[in-house]
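Residue-level listing of the chains:
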Amino acid sequence: MSRHTSRVNAFRFLVRCLAPSRRSPPPDSLAPENRKLADEVATGRVRWETVVEIASEYWMTLVLYRELREKRLVDSLPAHDRDELVEYFQKIHEANGARNRGILEHAEELVRMLNGIGVEPLLLKGVAHLASGLYPDPALRFMNDIDLLVPDDRALECWRLLTAAGYATRPEYRDKRVECVPQDWPPVEHPDRRGEVEIHRRTEWDHLLASPSLYLDARPLQLGGGKAWILNPTSSLIFTLGHSYVHDVLGLRADTPFRDLYDATLLARRFDREIEWPRVRETFGRAGEAESLRIAGMMWRRLFSLNPPIDPPQRGWIYWQRCLLKIGSPRWGPVGDHLTQNVRALGVAFSGTPEGKRMRKELATPSVFLRKLRSAAQLYGGGHGPSR
């Protein structure tokens, strides 16, 4: 069996493990859809190294462990697999649980600091999910930073408050003045705290995430003696899908954002009756990102067997095949992303805008054209392509 086939088969097995059970089974028994999984596990033919490798690549290691336990599949493991896997999962669980507790304590301290200058930050992404109790087990969510949205006119003041308290950017950003950076500000970190900190402003985004309606009706959250805010369930779902499929351009750049779609899955399960699906569709449509939402819906169905009220995409099968190619052959990932980036640029180049005119002139220069060809060749050959 080729490595490509092995990884794709392991990926399909992982997806089946993560799919929710259709109904609760009687005590001490398996749900019907899990019996085949249990039989496969019991044979000892599952390539667990590859399954765990892929789960780790997509930050789903501990979610996989939880689902194996919830579906009672751990008991079906052959003894030699069970002992090694359970020990590995438990050590990761313990380490990430301790890390997340440290990150949450750090977030509480940040909220109190910002409250001290009259700013009540809006928590985003992973820290919002941890602080709000969205995850049944906080250790399941892997995260690296604390994302805080602050008012545009107070952002620089918040930044200076943190730097005065000992926070600093990475060395490569030290010579940059943040007030001169129009988009994402670089993260800052403190030597004695867990997790980086990212200060966000709504004006840093030039797409769906800048929509004012997203931040209306936010909900207050008491955190460590301070006051913060989190998005309401509908806005949180829009932000989660929008961050992956619009901000990270996964509507074009095929990939499988397990972690973000798992966040969305937990939101949909917990707030089923509160989520306003017409508003979700309207927000993406108004931003010209309706197809990105359709792709997100398709991937949601394929990865977690959920059926959100979202129309299927126009070229869903092709997108899915690109995802499988990327999973089966990780080297293809940078190549596909590079090609997608260049194809997207062609639309701008021939748009008749001043930017298009500039790009056509640049691409007409032989040295530029050859450099792009050389970069693509390096990527395909396994060398180092352009930094992203």
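Predicted model only: the values in this text are computed from it and were never measured.

Under the criterion given, the structure shown has 13 aromatic pairs. Centroid distance F13 to W48: 5.6 Å. Interplanar angle 85°. Geometry classified as edge-to-face. Separated by 35 residues along the polypeptide, F13 in helix α1 (residues 3-18) and W48 in helix α3 (residues 48-57) bring together distant segments of the chain. Ring centres of W205 and F239 lie 5.9 Å apart, and the angle between their planes is 70°; on these two criteria the pair is classed as edge-to-face. One end of the pair, W205, is in the loop between β5 (196-200) and β6 (219-223); the other, F239, is in helix α8 (residues 233-247), with 34 residues separating them in the sequence. Residue classification places F239 among the buried positions, given a relative accessible area of 3%. Members of the aromatic cluster, joined through ring pairs, are F11, Y58, Y135, F258, Y262, F304 and W320. In this structure, R69 is placed above the aromatic ring of Y65, and the distance from its NZ or CZ to the ring centre is 4.3 Å.

To continue, consider the pairing of β6. Sheet analysis places β6 next to strand β7 (residues 226-230), joined by 5 bridges and oriented antiparallel. Residue pairing in the sheet places R219 in a bridge with I230 of β7. What sits between β6 and β7 in their antiparallel hairpin is a turn of 2 residues, with G224 showing a positive phi close to 55°.

A few words on the pairing of strand β2 (residues 145-149). Within a regular beta strand, the side chains point alternately toward one face of the sheet and then the other, so they alternate between its two faces. Counted residue by residue, β2 has 5 buried out of 5 residues, so it is predominantly covered. The sheet contact formed by strand β1 (residues 122-124) and β2 spans 3 bridges and is antiparallel. Bridge pairing links L123 to L148 in β2. Alignment of β2 against β5, held across 5 bridges, turns out to be parallel. Directly across from L149, in β5, lies its bridge partner H200.

Looking at the protein chain as a whole, its pLDDT mean stands at 86, while 81% of the residues score no less than 70. Counting contacts from residues 380-388, a segment whose pLDDT is below 50, to residues more than four positions away or on other chains yields 12 contacts.

Okay, the nonpolar core next. Counting 78 residues, the largest nonpolar core has F258 and M299 as its most contacted members. Each residue touching M299, except ones within four places of it in the same chain, is listed here: Y245, D255, T256, L261, F304, Y319, W320 and C323. Residues I103, V111, L114 and L221 belong to the second largest nonpolar core, which totals 29 residues.

Here we come to the pattern of salt bridges. In total, this model carries 17 salt bridges according to the counting rule given. D263 is the salt-bridge partner of R141, the closest N and O atoms lying 2.7 Å from each other. With a gap of 122 residues between them, R141 in the loop between α6 (125-131) and β2 and D263 in helix α9 (residues 258-270) connect regions that are remote in the sequence. Taking the relative accessible area as the measure of exposure, R141 reaches 4% and is therefore buried. Of the charged contacts in the structure, one is a salt bridge between E196 and R170, with a shortest N-O distance of 2.9 Å. Placement of E196 in strand β5 and of R170 in the loop between β3 (168-169) and β4 (188-189) is noted, with a sequence separation of 26 residues between them.

Once that is clear, we can look at unusual backbone geometry. Positioned with a positive phi, R72 is a non-glycine residue whose angle comes to about 60°. Considering the arrangement of structural elements, one finds R72 in the loop between α4 (61-70) and α5 (79-115). With relative accessibility at 31%, the residue R72 sits in the partly exposed group. If you check the backbone angles, D217 has positive phi at about 60° while not being a glycine. One can find D217 in the loop between β5 and β6.

A few words on α9. For α9, with 13 residues, the first-to-last C-alpha span of 18 Å sits near the 18 Å given by 1.5 Å per residue. Counting buried residues in α9 gives 10 out of 13 residues, a clear majority hidden from the surface. Of all the positions in α9, only F258, D260, L261, Y262, D263, A264, T265, L266, L267 and A268 are classed as buried.

What counts and what doesn't
- Residues numbered from 1 in each chain as written.
- Predicted model: local features only at pLDDT ≥ 70, side-chain atom pairs only at ≥ 80, totals over all residues.
- Heavy atoms only, no water.
- Phe/Tyr/Trp six-rings, centres within 6.5 Å; stacked < 30°, edge-to-face > 60°.
- Helix = DSSP H or I, 4+ residues; strand = E, 2+ residues; numbered from the N terminus.
- Buried < 20%, exposed > 50% of the residue type's maximum accessible area, 1.4 Å probe, protein only.
- Lys NZ or Arg CZ within 6 Å of the ring centre and 35° of its normal.
- Pairing = 2+ DSSP bridges.
- pLDDT = per-residue confidence, 0-100.
- Contact = heavy atoms within 4.5 Å.
- Core = buried A, V, L, I, M, F, W, Y, C linked by side-chain atoms within 4.5 Å.
- Salt bridge = Lys/Arg side-chain N within 4 Å of Asp/Glu carboxyl O.
- Expected span 1.5 Å × (residues − 1).

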